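These are the residues of each chain, in order.
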Amino acid sequence: MESAPPVFDKPKVELHVHLDGAIKPETILNFGKKRKVCLPADTVEGLLQHVSYKEPLSLTEFLAKFSHYMPAIAGDRDAVKRMAYEFVEMKAKEGVIYVEARYSPHLLANCKVCPVPWGQEPGDLTPDEVVSLVNQGLKAGEEAFNIKARSILCCMRHMPSWSPEVVELCKKYRNDSVVAIDLAGDESINAETCPEHRKAYEEAERCGIHRTVHAGEVGPPQVIKEAVSILKAERIGHGYHVLEDEGLYMQLLKQNMHFEVCPWSSYLTGACQSGFANHPVVRFKKDGANYSLNTDDPLIFNSTIHTDYKIAKDFMGFTEEEFKRVNINAAKSSFLPEEEKKELLYKLYGAYGMVKSTEF
Ligand SMILES: [Zn+2]
């Protein structure tokens, strides 16, 4: 990874990163060995050659990366907890002071989940216990590394039958690390044809659970429209293709909708093919839109948050001032309760030399 000093070496906020796309290769190898799970390699370098990549791949090829290593982690209590703990450690080292990590509890379970994912043998780790273990790992990480970490539970577009339980888990664990619900996966499956997703989001809204949706990453503006009007999304995961519908974009700008932008990810997934200089985030920046910079799946993209900031600086004309604005917007659009949000903002203003003491 990068040897040069980080381009923005100040406290940061990250809102869009998948826990199961941010596991340490050493941990995968360790649990693969312990559990006698066949992995494509037995060294970090060897493993990375299989699970990470540097040139754009199709969605199917990208998703296949998870199947290389998830069998080593899913279904194992220690692995799930360790993954969450080390995630916080990794983010603290990158200078992130507040992070929202997302994952599908079902994809880490091997019991009370149908089908049992990753070809695992059925076991006794339920999605409910997965959430509890992740919470324990995140909390231990917060204490050890002195940053704040919360979580977002993902519904999967291709598995609507899981969504009712996802929202129930959000409710059960809302005072214990979980702050929101997400919808991830193949955008060609729309939520209107899956009443389970819609119902889960309605229930989330009814209970005051925050909502974000992966939309307009590779899919058309219609998916974003649906996320906002039907699922009542408060933030949009990616959202690049909003620019293909000027009216919708103007409406979302006016609403101050937050876009969770992942530059390096958007190149490798083929979501944005116009080159970094013409990337949608350049327009977002020009228009003073509300967005954040995020890694998405740093294990698979062999990256850190510094990779995304470096791309933004080197190819998209980002300045120190814009990086500050981006992080302040991220904090304001975070799913923390108001008081904790103010505290986070206060920390950023202090670190950025922007005194706002009278307001807080
Ligand atoms: Zn994502």
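Here's what I pulled together on the structure shown here. Everything numeric in this text was worked out from a predicted model, so none of it was measured. (Residues numbered from 1 in each chain as written. Predicted model: local features only at pLDDT ≥ 70, side-chain atom pairs only at ≥ 80, totals over all residues. Heavy atoms only, no water.)

## With respect to the sheet that holds strand β2 (residues 96-103)
Within a beta sheet, neighbouring strands are joined by backbone hydrogen bonds and run either parallel or antiparallel to one another.
Phase 1: An order of β1-β2-β3-β4-β5-β6-β7-β8 is seen for the 8 strands of this open sheet, with the pairing classed as parallel. Unpaired on one side and paired on the other, β1 (12-18) and β8 (290-293) mark the two borders of the sheet. Within the sheet, the average angular offset between the axes of one strand and its neighbour, ignoring direction, is 25°.
Phase 2: Relative to strand β7 (residues 258-261), strand β6 (residues 235-238) runs parallel, the two sharing 3 bridges. Note that in β7 the partner of Ile236 across the bridge is Phe259.
Phase 3: Helix α8 (residues 221-229) contacts β5 (210-215) and β6 of the sheet and is inclined by roughly 170° relative to β5. (Pairing = 2+ DSSP bridges. Helix = DSSP H or I, 4+ residues; strand = E, 2+ residues; numbered from the N terminus. Axes fitted to C-alpha atoms, helices over the stretch in contact; angles between N-to-C directions. Contact = heavy atoms within 4.5 Å.)

## Some words on the coordination of the zinc ion
Phase 1: Protein coordination at the zinc ion comes from His16 (NE2), His18 (NE2), His214 (NE2) and Asp296 (OD), with a distance range of 2.1 to 2.5 Å.
Phase 2: For the zinc ion, the 4 donor atoms are set out with angles of 83 to 172° between them, so the coordination reads as irregular.
Phase 3: Of note, the zinc ion draws all its donor residues from one chain, in the sequence arrangement H-x1-H-x195-H-x81-D. With His16 in strand β1 and Asp296 in the loop between β8 and α12 (305-316), the pair connects residues that are 280 residues apart, well separated along the chain. The pair His16 / Asp296 is uniform in exposure class, with both members buried. (Donors = N, O, S within 2.8 Å, 3.2 Å for Na, K, Ca; no water. Tetrahedral: all angles 85-135°; square planar, octahedral: opposite > 155°, others 65-115°. Buried < 20%, exposed > 50% of the residue type's maximum accessible area, 1.4 Å probe, protein only.)

## Some words on the packing of aromatic side chains
Phase 1: Throughout the structure, instances matching the rule amount to 17 aromatic pairs.
Phase 2: Considering the side-chain rings of Tyr53 and Phe301, the 6.0 Å spacing of their centres and the 75° angle between planes classify their relative orientation as edge-to-face. Here Tyr53 is found in the loop between α2 (44-51) and α3 (59-73), whereas its partner Phe301 is found in the loop between β8 and α12, with 248 residues between them in sequence.
Phase 3: The exposure class of Phe301 is buried, given its relative accessible area of 1%.
Phase 4: Where Phe62 meets Phe66, the ring centres are 5.5 Å apart and the plane angle is 90°; that geometry is what we call edge-to-face. One end of the pair, Phe62, and the other, Phe66, are both in helix α3, 4 residues apart, so they sit about a helical turn from each other.
Phase 5: Given a relative accessible area of 9%, Phe62 falls into the buried group.
Phase 6: One residue, Lys12, lies across the ring of Tyr309, its end atom 5.9 Å from the ring centre.
Phase 7: Its end group placed over the ring of Phe318, Lys285 keeps NZ or CZ at 5.3 Å from the ring centre. (Phe/Tyr/Trp six-rings, centres within 6.5 Å; stacked < 30°, edge-to-face > 60°. Lys NZ or Arg CZ within 6 Å of the ring centre and 35° of its normal.)

## A word on α3
Phase 1: With 15 residues, α3 extends 22 Å from end C-alpha to end C-alpha; this agrees with the ideal 21 Å at 1.5 Å per step.
Phase 2: Along its length, α3 reaches its greatest deviation from straightness, about 30°, at Ser67, and the proline Pro71 lies no more than four positions downstream.
Phase 3: For α3, the set of buried residues is Phe62, Lys65, Phe66, Tyr69, Met70, Ala72 and Ile73.
Phase 4: Along its buried surface, α3 packs onto α1 (25-34), α2 and α4 (77-93).
Phase 5: Gly75 sits one or two positions beyond α3 and adopts a positive phi of about 85°. (Expected span 1.5 Å × (residues − 1). Bend = angle between axes of the 7 residues up to and from the residue.)

## Section: the pairing of β7
Phase 1: Burial along β7 is two-sided: the face carrying His258 and Glu260 and the face carrying Phe259 and Val261 are both buried.
Phase 2: Running through helix α9 (residues 246-254), the crossover from β6 to the neighbouring parallel element β7 is right-handed.
Phase 3: Bridging between β7 and β8 involves 4 bridges; their strand directions are parallel. In the sheet register, His258 faces β8, and the bridge partner there is Asn290. (Right-handed = clockwise from strand over helix to strand, strands pointing away.)

## What about the pattern of salt bridges?
Phase 1: Within the structure shown, the criterion is met by 32 salt bridges.
Phase 2: Note that Glu168 and Lys171 form a salt bridge whose closest N and O atoms lie 3.1 Å from each other. With a gap of 3 residues between them, Glu168 and Lys171 both fall in helix α6 (residues 163-172), about one helical turn apart.
Phase 3: Assessed through its relative accessible area of 24%, Lys171 is described here as partly exposed.
Phase 4: Between Arg325 and Glu322 there is a salt bridge, with the nearest N and O atoms lying 3.1 Å from each other. Taken as a pair, Arg325 and Glu322 lie in helix α13 (residues 320-332) at a separation of 3 residues, close to a single helical turn.
Phase 5: On the accessibility criterion, Glu322 (10% relative accessible area) is buried.
Phase 6: Among the ionic contacts, a cluster of salt bridges with common partners joins Glu100, Arg102, Asp182, Arg235 and Glu260. (Salt bridge = Lys/Arg side-chain N within 4 Å of Asp/Glu carboxyl O.)

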